[in-house]
Amino acid sequence: MCDKNKIEKLFEAMSERLYRENDLSDMTYTLCKCNEDFKTFFLNYCFDEPIKIEFIGREYSRYCSRPDFFAQDMQGNEYLIEIKINDRNQHFYQYKQDFPKAKYAFISNYNLNENELNKDDKAALPKWKIKTWKGFYDALSKSKLKEDSIVYGYLKYLKNLTEIKEFIKMNISQVKSLPAFCNNLRKVAEDKGFVVYTSPKTFTEEYYGYFFTKECLYLWFGLFLPDGNIWIGLKNDESWITNSIKEKLNREFKNFPKTDLYETTESYEDNFGYYWFKLKEDKHKILCDDSKSPEEQQKVLEDFFVNVLEAIGAEKYLG
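None of these values were measured; they are calculated from a predicted model. (Residues numbered from 1 in each chain as written. Predicted model: local features only at pLDDT ≥ 70, side-chain atom pairs only at ≥ 80, totals over all residues. Heavy atoms only, no water.)

**Digging into the packing of aromatic side chains**
Line of reasoning, step 1. One pass over the structure, following the stated rule, counts 45 aromatic pairs.
Line of reasoning, step 2. A ring pair is formed by Tyr207 and Trp276, whose centres lie 6.3 Å apart and whose planes are at 25°; its orientation type is stacked. Separated by 69 residues along the polypeptide, Tyr207 in strand E7 (residues 207-214) and Trp276 in strand E11 (residues 275-279) bring together distant segments of the chain. Here Tyr207 matches Trp276 in class, with each residue buried.
Line of reasoning, step 3. Ring centres of Phe211 and Tyr218 lie 5.4 Å apart, and the angle between their planes is 10°; on these two criteria the pair is classed as stacked.
Line of reasoning, step 4. For Phe211, a relative accessible area of 1% puts it in the buried group.
Line of reasoning, step 5. Put simply, the rings of Tyr197, Tyr207, Phe211, Tyr218, Trp220, Phe224, Trp231, Trp240, Phe272 and Trp276 touch in pairs and so form one group of aromatic residues. (Phe/Tyr/Trp six-rings, centres within 6.5 Å; stacked < 30°, edge-to-face > 60°. Helix = DSSP H or I, 4+ residues; strand = E, 2+ residues; numbered from the N terminus. Buried < 20%, exposed > 50% of the residue type's maximum accessible area, 1.4 Å probe, protein only.)

**Points about the nonpolar core**
Line of reasoning, step 1. The biggest cluster of nonpolar side chains holds 53 residues, and the ones touching the most others in it are Leu217, Leu219, Phe221, Ile230, Phe277 and Phe305.
Line of reasoning, step 2. Of all elements in the fold, only helix H8 (178-190), E7, strand E8 (217-224), strand E9 (229-234), helix H9 (243-252), E11 and helix H11 (294-311) reach the threshold of two or more residues within this core.
Line of reasoning, step 3. Broken down by element, this core gets its largest block of residues, eight residues, from H11.
Line of reasoning, step 4. Once you skip the residues sitting within four places of it in the chain, Leu219 turns out to touch Phe194, Tyr210, Phe211, Phe212, Ile232, Gly233, Leu234, Trp240, Phe305 and Leu309.
Line of reasoning, step 5. In terms of nonpolar packing, the next biggest core, distinct from the first, is built from 35 residues, Met27, Leu31, Phe38 and Leu140 among them. (Core = buried A, V, L, I, M, F, W, Y, C linked by side-chain atoms within 4.5 Å. Contact = heavy atoms within 4.5 Å.)

**Remarks on the pattern of salt bridges**
Line of reasoning, step 1. With the rule as written, the count across this model stands at 21 salt bridges.
Line of reasoning, step 2. With its nearest N and O atoms 3.4 Å apart, the salt bridge here joins Lys84 to Glu82. (Salt bridge = Lys/Arg side-chain N within 4 Å of Asp/Glu carboxyl O.)

**A closer look at the side chain of Lys159**
Line of reasoning, step 1. Mapped onto the fold, Lys159 is located in helix H7 (residues 149-161).
Line of reasoning, step 2. Relative accessible area serves as the criterion here: at 16%, Lys159 is assigned to the buried category.
Line of reasoning, step 3. In this structure the side chain of Lys159 is engaged in a polar contact, spanning 3.0 Å, whose partner is the side chain of Glu166.
Line of reasoning, step 4. Residues in contact with Lys159, not counting those within four places in the same chain, are Tyr137, Ile164 and Glu166. (Polar contact = N/O pair within 3.5 Å; in protein donor to acceptor, adjacent residues only side chain to side chain.)

**Details of H7**
Line of reasoning, step 1. The end-to-end C-alpha distance of H7 is 19 Å, a good match for the 18 Å that 13 residues give at a rise of 1.5 Å each.
Line of reasoning, step 2. Within H7, ten of the 13 residues are buried, which leaves it mostly tucked inside the rest of the structure.
Line of reasoning, step 3. Here H7 has its buried residues at Ser149, Val151, Gly153, Tyr154, Leu155, Lys156, Tyr157, Leu158, Lys159 and Leu161.
Line of reasoning, step 4. Of the surrounding secondary structure, the elements contacted by the buried residues of H7 are helix H1 (4-17), helix H2 (21-34), helix H3 (36-47) and helix H6 (133-141). (Expected span 1.5 Å × (residues − 1).)

**Quick notes on the sheet that holds E9**
Line of reasoning, step 1. Pairing is antiparallel across the open sheet formed by six strands, whose spatial order is E6-E7-E8-E9-E11-E10. For this open sheet the edge positions go to strand E6 (195-196) and strand E10 (262-266), each flanked by a neighbour on one side alone.
Line of reasoning, step 2. By the bridge criterion, two bridges tie E6 to E7 in an arrangement that is antiparallel. In the sheet register, Val195 faces E7, and the bridge partner there is Thr213. (Pairing = 2+ DSSP bridges.)

See the structure below:
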């Protein structure tokens, strides 16, 4: 029997060099070719239906298209899968034109934002099954297939390449926990479909956190180092928030109901925000307590993030 620890180390080492989108496609294709159960599981996940495949190929060309995966069943039905890691150059319309009778699936390590699509791709989108690598990772991790040592190693490889995060126990009163804190911020926000907005001012001598964005919402989430507390900041600006959120904040911010999760204050802080929500001290202590479990700490950050968005009238961004 194979040593799972050695297999895991092998796949982890491969992920350090074979980290590109094509590498993940090749690795997934290889496993599909040598493990019938894995192939069935992968295709069923992508298309939400049981599929018996006669042929599966990589980068199958037709006209102007070259999808990552192309498959056919015994009746000649066509299935097409497009794979992405971070790349947001989708081809929904093009593939629909060149493979008009196929069924389509898209799997990425990010939540698809329809507002970023061009008109043609948006029109073609209803024909596609939209999936995430995290969803596949979670489903595969719960299946009996993970008992296979190769699939077990593949899970480690998939997790590394697609940057799937697990919440890490932390004590944010200690400097050594700051990397875990950053990981946990990203997990909480990214699980809700937010992405990190690259900015050189994300970390400064006073601020330690991230700018996150989703569609038309932009915010800062992290530690304000001078007081050691966790804050969410929003700026009174249309480049940060929609008009409806802006109007709600202008009208109601000072009169928001008291909660057991956060306190509010208005304070202009350069590019970090104007409307501020601070995690309350008793909740903050849970994130500094070595006796608390990762699940308890995750709930605090998630509840804080969700309740702030609900308070400002941004519930739709939590879907």
